[in-house]
Amino acid sequence: MRALIWILRLFLFLLLFGFAVKNDDVVILRFFFGAQWQMPLVLVILLFVVVGVLVGVTATLSILYRQHREIDNLRRSGHRAAPDVRVRPPVADGPDLPETY
């Protein structure tokens, strides 16, 4: 199974490497006020992927930090989880129930 995963990783790497080699043309990114930036297309794609990952990680970390802070506050205030109350199911009784029940 490990060999299959490594073969899949190698295939994915070669596929992305081929994509990078084929898209080495220079593109112009035009910004506001006449500013422009020239760089290879692969670097533009890589830049936007990295920025997207950073935004996603930042959003996730902020949520995790908020949850961690709330858990700490609940622990300090002495809140305890509700006790495990087991409710017994009702006894089946009635004329509409089969005899084998």
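Above this text is the structure in question.
I will try to describe carefully the structure that is included in this document. None of the values given here were measured: they were computed from a predicted structure.

## Some details on the overall build of the protein
Right, so step 1: Helices and strands together make up the secondary structure of the protein, namely two helices and two strands.
Right, so step 2: Written out in order from the N terminus, the α and β elements of the protein read α-β-β-α.
Right, so step 3: Buried positions account for 3% of the 101 residues belonging to the protein.
Right, so step 4: Approximately 10200 Å² of the protein is accessible, and the part contributed by carbon and sulfur atoms is 67%.

## Remarks on the packing of aromatic side chains
Any aromatic ring pair is given by two values, namely how distant the centres are and how the planes are angled relative to each other.
Right, so step 1: Evaluated as defined, the whole model comprises two aromatic pairs.
Right, so step 2: With 6.4 Å between their ring centres and 40° between their planes, Phe31 and Trp37 make a pair best called tilted.
Right, so step 3: We note Arg9 situated over the ring of Trp6; from NZ or CZ to the ring centre the distance is 4.8 Å.

## A few points about a nonpolar patch on the surface
Right, so step 1: The grouping of Phe19, Ile45, Val49, Val53, Val57, Leu61 and Leu64 at the surface amounts to a nonpolar patch, some 610 Å² of accessible area in total.
Right, so step 2: A total of six residues in the nonpolar patch trace back to one element, the largest contributor, which is helix 2 (residues 41–77).
Right, so step 3: Counting through the fold element by element, Val49 comes out in helix 2.
Right, so step 4: For Val49, a relative accessible area of 48% translates into the label partly exposed.

## Quick word on the pairing of strand 2 (residues 36–40)
Right, so step 1: Strand direction decides the pairing type here: strand 1 (residues 26–30) and strand 2, joined by five bridges, are antiparallel. Bridge pairing in strand 2 links Val26 to Pro40.
Right, so step 2: Linking two consecutive strands that pair antiparallel, namely strand 1 and strand 2, is a turn of five residues; a positive phi of about 60° is found at Phe33 within it.

## Focus on unusual backbone geometry
Right, so step 1: Non-glycine residue Phe33 carries a positive phi angle of around 60°.
Right, so step 2: Here Phe33 lies in the loop between strand 1 and strand 2.

## Quick notes on helix 1 (residues 2–22)
Right, so step 1: Here helix 1 contains 21 residues, and its C-alpha end-to-end distance of 30 Å stays within 8% of the 30 Å for a straight helix at 1.5 Å per residue.
Right, so step 2: Taking burial as the measure, the 21 residues of helix 1 include zero buried ones, a minor fraction of the element.

Cut-offs used in this document
- Residues numbered from 1 in each chain as written.
- Predicted model: local features only at pLDDT ≥ 70, side-chain atom pairs only at ≥ 80, totals over all residues.
- Heavy atoms only, no water.
- Helix = DSSP H or I, 4+ residues; strand = E, 2+ residues; numbered from the N terminus.
- Buried < 20%, exposed > 50% of the residue type's maximum accessible area, 1.4 Å probe, protein only.
- Areas by Shrake-Rupley, 256 points an atom, 1.4 Å probe, with all protein chains shown as cover.
- Phe/Tyr/Trp six-rings, centres within 6.5 Å; stacked < 30°, edge-to-face > 60°.
- Lys NZ or Arg CZ within 6 Å of the ring centre and 35° of its normal.
- Patch = residues over 30% accessible without salt bridge, like charges linked within 9 Å, V, L, I, M, F, W, Y side chains within 5 Å.
- Salt bridge = Lys/Arg side-chain N within 4 Å of Asp/Glu carboxyl O.
- Pairing = 2+ DSSP bridges.
- Expected span 1.5 Å × (residues − 1).

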